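The residues making up each chain are set out below.
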Amino acid sequence: MNRTTLSLIAGTAALAAVTGFATLSTPDATGTDTAKAAAELPVERTSLMCPAPSISDLAETSYTSFTPVTKGTGGQGKAELRSATEQSADGDSGGKGKKKTEKPVLTPKEPGTPVTGDTSGGDTPAILGTAEGKFAPGWALQETTEVAAGIGRGLQGVNCTAPDTEFWFPGASTAADRTDYVHLTNPDDSAAVVDIELYGKDGAIDSSVGEGITVQPHSSEPVLLSTLTDEKQENLTVHVNVRSGRVGAAVQALDDRLGGDWLAASTDPTPSLVLPGVPKDATAVRLVAFTPGDSDADLKVRLASPSGAITPAGNETLHVKAGMTTAVDLGDITRGEAGSLILTPTDQSVPVVAALRVVRGKGADQETAFIPATAPVGTRATAADNSAKGTTLSLVAPTRAAKVKVTASAGSDGGTAVSKTFTIKAGTTENVDAPVPSGLKGTYALTVEPLSGGPVYAARTLAATEDGVPGFTIQTLPDDRGTVAVPEADQDLGVLQK
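This is a predicted model, so every value here is computed, not measured.

Engineer: What is the right way to look at the overall build of the protein in this model?
Structural biologist: Secondary structure assignment for the protein yields two helices and 40 strands. Within the protein, buried positions represent 52% of all 498 residues. Sequence separation of 24 or more characterises 81% of the internal contacts of the protein that already satisfy a separation of 6 or more. If you sum the accessible surface of the protein, you get close to 20900 Å²; carbon and sulfur atoms cover 49% of it.

What follows is the structure in structure tokens.
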């Protein structure tokens, strides 16, 4: 190995530690690729983006920042949250429609302690956040909004997301009673160019308006779906594809009668999917699925309940035609028990994306939330902005039993962290009795860490009933990607420098 090769490895390792997950294989002396031993090191920098929360003057929004304590981090670091320049809905970037606030929403504290900040009204812009050093590994940032009345009334919540180049959103709509926006947020110094593609029940919907949307640097662009097509479709799949640059993306789905919430992106297309945390008192559940490939997908539908896997009568399987959005109403599938939906191929493996629309309440007192298919917890995942009442943590072990550690952080205004360990049986979902910090004041974070057994999927529900309306919002908990695998050198550096 010469100095050039060594420099390449060192550079790649440094890049991995800054930007996120990466692995590296290097050839040995015989030319055979051999995976080198890798050390798990904390990431050194993380970026997160929160969309503009609401257009309602009645909106009350809170932001909660939390970084779990991670071994191996130094004593230095900082986290910064600043407002994006909010562009007008028609893409104007010449000054019209811009909003900017100079005061930071909040200033994060030490890892292990959450911090919150509040805003009100409909002119709150999108937020761009960066964390470095000890604040970066596993950084979680939650945006939660209460809207007292009007379209989208109820509780809306979203995990602020990292930038990427592709997103899938099954479960969006252009129906007459829905107002859905795709929020695109650009954290970088150069403009991003984005295509928004729509897929309905009959396939791709022609829309040249969604092509080549420019998102200016350090700004956010809300795109109303109904401006991209004249078709009124109850169930849509939205594909956000970034031609150049990168963006954060989320769909805000607002209903005239059923409140509203944020629809986060589904996990990348894969043959088997898990959608965790369906509330036990759900009165209506709709599954929306889409396959982007050229082959149809046939899926087995199962509900992982506290007692085991159940096949819902009348919905044992789901056929998803290639390139077409498929939706099926599952009714009150949970029947008073905690549940998670598990989709697996019946025969041929075809990549699929999916999401659930969940309704609680009855008559005029109904509210909506969404559960996208998600990745497993992996090493660790965190949900911020929990309270002593109104928080439900749902854990599912779809294939094998798993042992899981759940830690409640210190409170934002006081309290001591506590942990509990749970065993989740294979094929079951459990709404666990999650720990609460002793002497809690303020809000706290829940961190989930699988200890042994099979893969674990998780979701957190926040609930707040107001004026008889059961407001709620659900966030899934995929791996926080707080560490990266960095290859270790296996040769004497002194020899290499001769």
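Engineer: Would you mind showing me how to read the layout of surface pockets here?
Structural biologist: Over the atoms rolls a probe the size of a water molecule, and in doing so it shows where empty space is left. There is about 540 Å³ of room inside the second largest pocket. Every element with two or more residues in the lining of the second largest pocket is listed here: strand S32 (402–408) and strand S37 (444–453). Its residues assigned to classes, the lining of the second largest pocket shows five nonpolar, nine polar and eight charged.

Engineer: I'm lost on empty space enclosed by the protein in this one. Help?
Structural biologist: Per the counting criterion, the structure on display carries three cavities of 30 Å³ or more. By volume, the largest cavity is sized at about 60 Å³. Looking at the lining of the largest cavity, the elements with two or more residues in it are strand S4 (45–50), strand S11 (154–159), strand S13 (178–186) and strand S19 (248–255). Ranked by the residues each element gives to the lining of the largest cavity, the list is headed by S19, at three residues. Classifying every residue of the lining of the largest cavity by side-chain character gives six nonpolar, five polar and no charged.

Engineer: Hey, could you run me through the state of the cysteines in this one?
Structural biologist: Here is the idea: a disulfide is a covalent bond, and it sits between the sulfur atoms of two cysteines. On inspection of all chains with the given rule, the structure shows one disulfide. Here Cys50 is linked by a disulfide to Cys160, with a sulfur-sulfur distance of 1.9 Å. Looking down the S-S bond of the Cys50 and Cys160 bridge, the torsion is 105 degrees, so its handedness is right-handed. Placement of Cys50 in strand S4 and of Cys160 in the loop between S11 and strand S12 (166–172) is noted, with a sequence separation of 110 residues between them. The burial state of Cys50 is the same as that of Cys160; both residues are buried.

Engineer: Explain the nonpolar core to me, please; I cannot follow it from the model alone.
Structural biologist: Here is a general trend for soluble globular proteins: nonpolar side chains tend to be buried in one another's company. Counting 29 residues, the largest nonpolar core has Leu275, Leu287, Leu341, Leu343 and Leu356 as the members making the most contacts within it. Per-element accounting of this core gives the leading share, four residues, to strand S23 (residues 297–305). If near-sequence neighbours (up to four positions away) are discounted, Leu275 is found in contact with Ser340, Leu341, Leu343, Ala354, Ala355, Leu356, Ile371, Pro372 and Ala373. Grouped together as the second largest cluster of nonpolar side chains are 26 residues, Phe167, Leu198, Ala249 and Ala253 included.

Engineer: What's the story with the sheet that holds strand S28 (residues 353–362) in this structure? I'm lost.
Structural biologist: The strands making up a sheet are joined through hydrogen bonds of the backbone, oriented either antiparallel or parallel. Strand order across the open sheet formed by four strands is S26-S22-S28-S29, with antiparallel pairing between neighbours. The open sheet has two edge strands with one neighbour each: strand S26 (326–331) and strand S29 (365–372). Across this sheet, the average inter-strand angle for adjacent strands is 20 degrees, counted without regard to direction. Sheet analysis places S28 next to S29, joined by eight bridges and oriented antiparallel. From the neighbouring strand, Val359 faces S29, where its bridge partner is Thr368.

Engineer: Help me understand the side chain of Thr326 in this model?
Structural biologist: Inspection of the secondary structure assignment puts Thr326 in strand S26. On the basis of relative accessible area, Thr326 is assigned to the buried category, the value being 16%. Aside from chain neighbours lying at most four places away, what touches Thr326 is Leu287, Val288, Ala289, Leu318, His319, Val320 and Lys321.

Engineer: Is there a simple way to think about the sheet that holds strand S6 (residues 77–83) in this case?
Structural biologist: The strand order across the open sheet formed by three strands is S4-S9-S6, and the pairing between neighbours is antiparallel. At either end of the open sheet lies a strand with only one pairing partner, and these are S4 and S6. Adjacent strand axes in the sheet meet at a mean angle of 10 degrees when their direction is disregarded. Strand direction decides the pairing type here: S4 and strand S9 (residues 127–133), joined by six bridges, are antiparallel. Residue pairing across strands places Ser47 opposite Thr130, the latter belonging to S9.

Cut-off values and rules
- Residues numbered from 1 in each chain as written.
- Predicted model: local features only at pLDDT ≥ 70, side-chain atom pairs only at ≥ 80, totals over all residues.
- Heavy atoms only, no water.
- Helix = DSSP H or I, 4+ residues; strand = E, 2+ residues; numbered from the N terminus.
- Buried < 20%, exposed > 50% of the residue type's maximum accessible area, 1.4 Å probe, protein only.
- Contact = heavy atoms within 4.5 Å.
- Areas by Shrake-Rupley, 256 points an atom, 1.4 Å probe, with all protein chains shown as cover.
- 1 Å grid on protein atoms, 1.4 Å probe; cavity = no way out; pocket = protein on both sides within 12 Å on 5 of 7 lines; lining within 4 Å.
- Points joined across faces, edges and corners; volume = space filled by probe spheres on them.
- Nonpolar A, V, L, I, M, F, W, Y, C, P; charged D, E, K, R; others polar.
- Disulfide = S-S within 2.5 Å.
- Core = buried A, V, L, I, M, F, W, Y, C linked by side-chain atoms within 4.5 Å.
- Pairing = 2+ DSSP bridges.
- Axes fitted to C-alpha atoms, helices over the stretch in contact; angles between N-to-C directions.

Interpretation in functional terms is not warranted from these geometric data alone.
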